[in-house]
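Structural overview for review
Listed below, chain by chain, are the residues.
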Amino acid sequence: MADVFEEVEEELRSARYQSLIQKGWPYAAALIIIALLVTLGIWGFGKHQASEEAKASVTYARALESLSAGDPVGADRKFAVLSASAPAGYRALSLMQQAGVRVVQNKPEEAVRLLDQAAKTAPNNIMGDAARLKAAYLLMDTRPLAEIEARLTPLTGEKRPYKMLAREALGMAHLQAGKLDAARGDFAVLSLSQDVSDQTRARAQAALALIQSGTAGALPAATKLAASLPPTFAVPPPHPTTIPAQAGAAQ
């Protein structure tokens, strides 16, 4: 009798399994198809990105060749193509190169606009903060201290790649604006830091000595006077410089 019950239970279990398989196989098949499509999509996207980066690399190299050959206009056209459609890293670098051309053309406002755009486009802070720092350098002599502080202070954060360069620029902005206590604090940090070069430390110590001597108070007036004077050279140098050096190295 026991054998009969076991046989019946076995048939019932088999019937249940078959019912579950019949009901569940469409869902299982759908999951397999979805997983396959996702895998193929990721592979295809990676392949497309690699192809686009290879094309951008060639165009970027040609633009740099034009720049080195003394043809900033031709280089700017090539960089403009990249800044409009290339992958994020090449877009950011191209925008920074275009900003360099604008600096040589004595168009600092356009250069700052391009640098701000590069900072937003950059895929990481190595490129982005390089653009932000350069923009702050260009504005230090013409914009209010509050604006310069707003640009530079975030760059001095602990995990930012150019925190010490930003701290030095902030110290110079404070010194230039006559905020001697703030400048003293900035340069004190630099003079005691182990993360700066010997040249940076020497500049910080020189600035501290200038503040200590009492002659730094005349700096704001001297800066305003210098800004009011006509430029010494009417013609810019023939070869624009690549800006910034850190961003070029990051590529």
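Look a little higher up for the structure.
Residues numbered from 1 in each chain as written. Predicted model: local features only at pLDDT ≥ 70, side-chain atom pairs only at ≥ 80, totals over all residues. Heavy atoms only, no water.

**Quick word on helix α4 (residues 108–121)**
Relative to the 20 Å expected for 14 residues at 1.5 Å per residue, α4 spans 20 Å between its end C-alpha atoms, a close match to the ideal helical length. Every buried residue of α4 is listed here: A111, V112, L114, L115, A118, A119 and T121. On the buried face of α4, the contacting elements are α3 (88–104), α5 (125–139) and α6 (145–152). (Helix = DSSP H or I, 4+ residues; strand = E, 2+ residues; numbered from the N terminus. Expected span 1.5 Å × (residues − 1). Buried < 20%, exposed > 50% of the residue type's maximum accessible area, 1.4 Å probe, protein only. Contact = heavy atoms within 4.5 Å.)

**Description of the environment of R62**
Relative to the assigned elements, R62 resides in helix α1 (residues 2–68). On the accessibility criterion, R62 (51% relative accessible area) is exposed. Residues R62 and K78 lie 16 residues apart in sequence; the distance between their C-alpha atoms is 7.8 Å.

**Quick look at the pattern of salt bridges**
Under the definition given, this model contains 13 salt bridges. Among the salt bridges present, the one from R102 reaches E110, with a minimum N-O distance of 3.0 Å. Judged by relative accessible area, E110 falls into the partly exposed class, the value being 32%. With a closest N to O distance of 3.0 Å, E158 and K163 form a salt bridge. A relative accessible area of 16% means that K163 is categorised as buried. (Salt bridge = Lys/Arg side-chain N within 4 Å of Asp/Glu carboxyl O.)

**With respect to helix α9 (residues 198–213)**
Between its first and last C-alpha, α9 extends 22 Å over 16 residues, near the 22 Å set by a 1.5 Å rise per residue. Three or more residues of α9 are buried, namely T200, R201, A204, A207 and I211. Looking straight down α9, one finds that the buried residues subtend no more than 120° of arc, so they occupy a single side. Along α9, exposed side chains directed more than 90 degrees from the buried face belong to D198, Q199 and Q212. Phi for G214, located one or two positions after α9, is positive at around 90°. (Arc of directions from axis to C-beta.)

**Some points on the packing of aromatic side chains**
Counting across every chain of the model gives two aromatic pairs. Ring centres 5.6 Å apart and planes at 65° place the aromatic pair Y60 and F79 in the edge-to-face group. Taken together, the residues Y60 in helix α1 and F79 in helix α2 (residues 72–85) connect sequence positions 19 residues apart. Both residues of the pair, Y60 and F79, belong to the buried class. The interplanar angle of 65° and the centroid separation of 5.8 Å between the aromatic rings of Y60 and Y90 together place this pair among those described as edge-to-face. Of the two residues, Y60 is situated in helix α1 and Y90 in helix α3; the sequence distance between them amounts to 30 residues. Here the aromatic residues Y60, F79 and Y90 are joined through ring pairs into a cluster of three or more. (Phe/Tyr/Trp six-rings, centres within 6.5 Å; stacked < 30°, edge-to-face > 60°.)

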